Amino acid sequence: MSEVHVYPVPDSFKNSSSIDLEGYQAMYDQSVNDPDTFWAEQANQFLTWQAPWSQVTKSDLNKGEVAWFIDGKLNVSLNCIDRHLPARADQVAIIWEGDDPDEDQFISYQELHDQVCRLANALRARGVKKGDRVCIYMPMIPEATYAMLACARVGAVHSVVFGGFSPEALKDRILDADCQVVITADEGLRGGKRVPLKANADTALANCPNVHTCIVVRRTAGSISWDGARDFWYHDLIAKQAATCEPEVMDAEDPLFILYTSGSTGKPKGVLHTTGGYLLQAAMTHKYVFDYQEGETYWCTADVGWVTGHSYIVYGPLTNGATTLVFEGIPTYPDASRFWQVIDKHQVNIFYTAPTAIRALMGAGDDWVKKTARTSLRVLGTVGEPINPEAWEWYYRVIGDSRCPIVDTWWQTETGAHMLTPLPGAIALKPGSATLPFFGVQPALLDAEGKEVQGAGEGNLVIKAAWPSQIRSVYGDHQRCIDTYYSTYPGYYFTGDGARRDEDGYYWITGRVDDVLNVSGHRMGTAEVESALVLHEKVAEAAVVGYPHDIKGQGIYAYVTLMSGEEPSDELKKELLALVVKEIGAIARPDIIQWAPGLPKTRSGKIMRRILRKIAANEIDSLGDTSTLADPSVVTQLIENRANK
Ligand code: WTA
């Protein structure tokens, strides 16, 4: 391994109000040695409760049972909005930056309150009550955040579906959560292109008989079809509603949202998060990890369709009374300078993005950056996949002018909030390492026998004790939650990631150890892509693996075996790509399809993906043991015809 450069905490953080190394260590020790006291103090400091809890936490990881702040009562929208009004009614809560650089909006906490209340009243008027599920399929416009907060206000459980998902994927998610209301827009706008959200919703809803209400925001005024019995314009519905709305009193363990995410088998799972513990850890990490200071402008470039958008565009920053920027567009529109221009335009202090965006913009060259000042920046963050040291160094040196610490935050949809991460005033940085655990997080590495690795070493990353923002269940299927996260290593939460721990106790995530791909920071199950491919009548079998991709981190490589008598053709390839886009969405489109007369299988018929991964990565000198293959000649064939030479 090459020498690791260590970046100490900058002097500017040493005398500030940020937590320093001693402070981190003291708080961390308390958080694991006396969690009840630690979390009770944090919960009182960060959140407003309507009734106190009777017990801080109770969990049984063998059963996947986790509860925090038992019997405590609170409402998320009250915490994100109402309680800030006495002090900051006129402060900007949301800066909205449109796809078009000439479009923006500044929404104060008072306006946010009024908008959320109107929509909450409208939802109630449409019969939505506590516990009902509402699907949100929206572009990155302020109404997306109003929709989430309005659900929280009336106690409805939102299920945000990323606007890039296809009608088919949307339908599956609506049905799985049995949503009866959908909130969408006529069209989205990204990089100057229109995204047909309402048309997609129409296609999905044709097979969702329980959806009685579809609320449509007018974003582009493009032409759309209309179902007079089911569809309502957002502006019409809220026009009649009052700007005040009594928030539902929620139990700390009442569900807040469902968010679908990919696993190694089957259809995406509806990860269920609840109210108190989730909000606390989202708010705490937003404060401590980004070292958020009163009055700062904060920008997370994620989409609200992903967990990062939930915790770090909406819930964390708003709980802390911050100004959060919502960006509708993409990093390269109108040109590759857009992110840096937005930072200057709105004087962004904290900036949080994904390695894939950093790599793409690094590839566009420094000139795009150099013509902007970026002097407002103080802290940089990254999330979603391991960041390669070259991209880290570029982010640090060119974007942050060697002045801003980078917080490389490791976490998952299931963890709800940051788990392994530096704190900018406390922890020296090593490019590519997510460094140390956040308060209360007890990571461990398990070896092949399931024993904990001590000291420096490598293994499967697990978490030993419950944390507040932990997944509570897989919606409608708790057994699947147990099987996925708690049965591989009884007594532990299994992350699905591998990691290395160095001599300083720093963690280095090595990537997924299961059949989950990470494409541009988006999770994708190989099984999902395979099921889409085999829907084609000419396809007999498909095996999908990831391979190293310069920008996306991982690309999707599909091996496809045709039915006997069928011939490969470019036309068929196009049909297969279109089929995947139809079933899942453009983010799942394979980068490479290789026709495979046969797939490498064991004598018991199990596909040996290890070998397929090696061929896809063009690492044919290290195929490993092939002696258990039923027919080794299959491999020779695949190597000769590999597409990634
Ligand atoms: C990966 C996104 C390395 C990891 C918040 C994890 C990371 C999966 C990092 C979760 C990071 C996320 N360094 N790998 N800083 N952050 N990952 O559910 O493999 O979309 O298991 O949550 O992304 O992806 P998810």
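Per an unreviewed UniProt entry, the protein carries the name Acetyl-coenzyme A synthetase and comes from Cellvibrio zantedeschiae. For the protein, the Sequence similarities (unreviewed entry) comment in UniProt is given as "Belongs to the ATP-dependent AMP-binding enzyme family." Taken directly from UniProt, the Cofactor (unreviewed entry) text for the protein runs: "Mg(2+)".

A. Representation of the pairing of strand β19 (residues 379-383) within the structure. With five of five residues buried, β19 lies mostly within the body of the structure. Judged by which residues are buried, β19 turns out to be covered on both faces: Val379, Gly381 and Val383 on one side and Leu380 and Thr382 on the other are all buried. Here strand β18 (residues 350-353) pairs with β19 via four bridges, running parallel. Each bridged residue has a counterpart across the sheet, and for Thr353 the counterpart in β19 is Thr382. Pairing analysis gives four bridges linking β19 to strand β20 (residues 406-409), with the strands arranged parallel. What sits directly across from Val383, in β20, is Thr409. Read from β19 through helix α16 (residues 389-399) to β20, the crossover connection turns out right-handed.

B. Geometry of unusual backbone geometry. Cis geometry marks the peptide bond from Tyr333 to Pro334, where omega comes out at -5 degrees. Summarising the element assignment, Pro334 is placed in the loop between β17 (323-327) and α13 (338-346). With a phi angle near 75 degrees, Asp71 is a residue other than glycine that sits in the positive phi range. Its location among the elements puts Asp71 in the loop between β2 (65-70) and β3 (73-74). Residue class for Asp71 comes out partly exposed when judged on its relative accessible area of 40%. You will see that Gln347, though not glycine, has its phi angle at about 50 degrees, which is positive. Within the element layout of this structure, Gln347 appears in the loop between α13 and β18. Residue class for Gln347 comes out partly exposed when judged on its relative accessible area of 42%.

C. Local environment of the UniProt feature "binding site: ATP" (unreviewed entry) in the protein. Taken from the UniProt record, the annotation "binding site: ATP" (unreviewed entry) applies to Gly384, Glu385, Pro386, Asp408, Thr409, Trp410, Trp411, Gln412, Thr413, Asp497, Arg512 and Arg523. Following the sequence through the fold, Thr409 ends up in strand β20. Within the structure, Thr409 has its side chain in polar contact with the backbone oxygen of Thr382 (distance 2.8 Å). With respect to the helices and strands, Trp411 occurs in the loop between β20 and β21 (443-446).

D. Fine view of the sheet that holds strand β15 (residues 269-274). Taken together, the eight strands give an open sheet; going across it, the order is β12-β11-β8-β6-β7-β14-β15-β23, and neighbouring strands pair in mixed fashion. Every other strand in the sheet has two partners, leaving β12 (231-233) and β23 (473-474) as the edge strands with one partner each. Pairing of strand β11 (residues 213-217) with β12, which is carried by three bridges, proceeds in the parallel orientation. The partner of Val216 across the bridge, within β12, is Trp233. Most of the contacts of helix α9 (residues 197-205) go to strand β8 (residues 181-185), to which it runs at about 155 degrees, and overall it touches β6 (133-137), β8, β11 and β12.

Cut-offs used in this document
- Residues numbered from 1 in each chain as written.
- Predicted model: local features only at pLDDT ≥ 70, side-chain atom pairs only at ≥ 80, totals over all residues.
- Heavy atoms only, no water.
- UniProt positions renumbered as here; feature names shortened; annotations may be inferred.
- Buried < 20%, exposed > 50% of the residue type's maximum accessible area, 1.4 Å probe, protein only.
- Helix = DSSP H or I, 4+ residues; strand = E, 2+ residues; numbered from the N terminus.
- Pairing = 2+ DSSP bridges.
- Right-handed = clockwise from strand over helix to strand, strands pointing away.
- Polar contact = N/O pair within 3.5 Å; in protein donor to acceptor, adjacent residues only side chain to side chain.
- Contact = heavy atoms within 4.5 Å.
- Axes fitted to C-alpha atoms, helices over the stretch in contact; angles between N-to-C directions.

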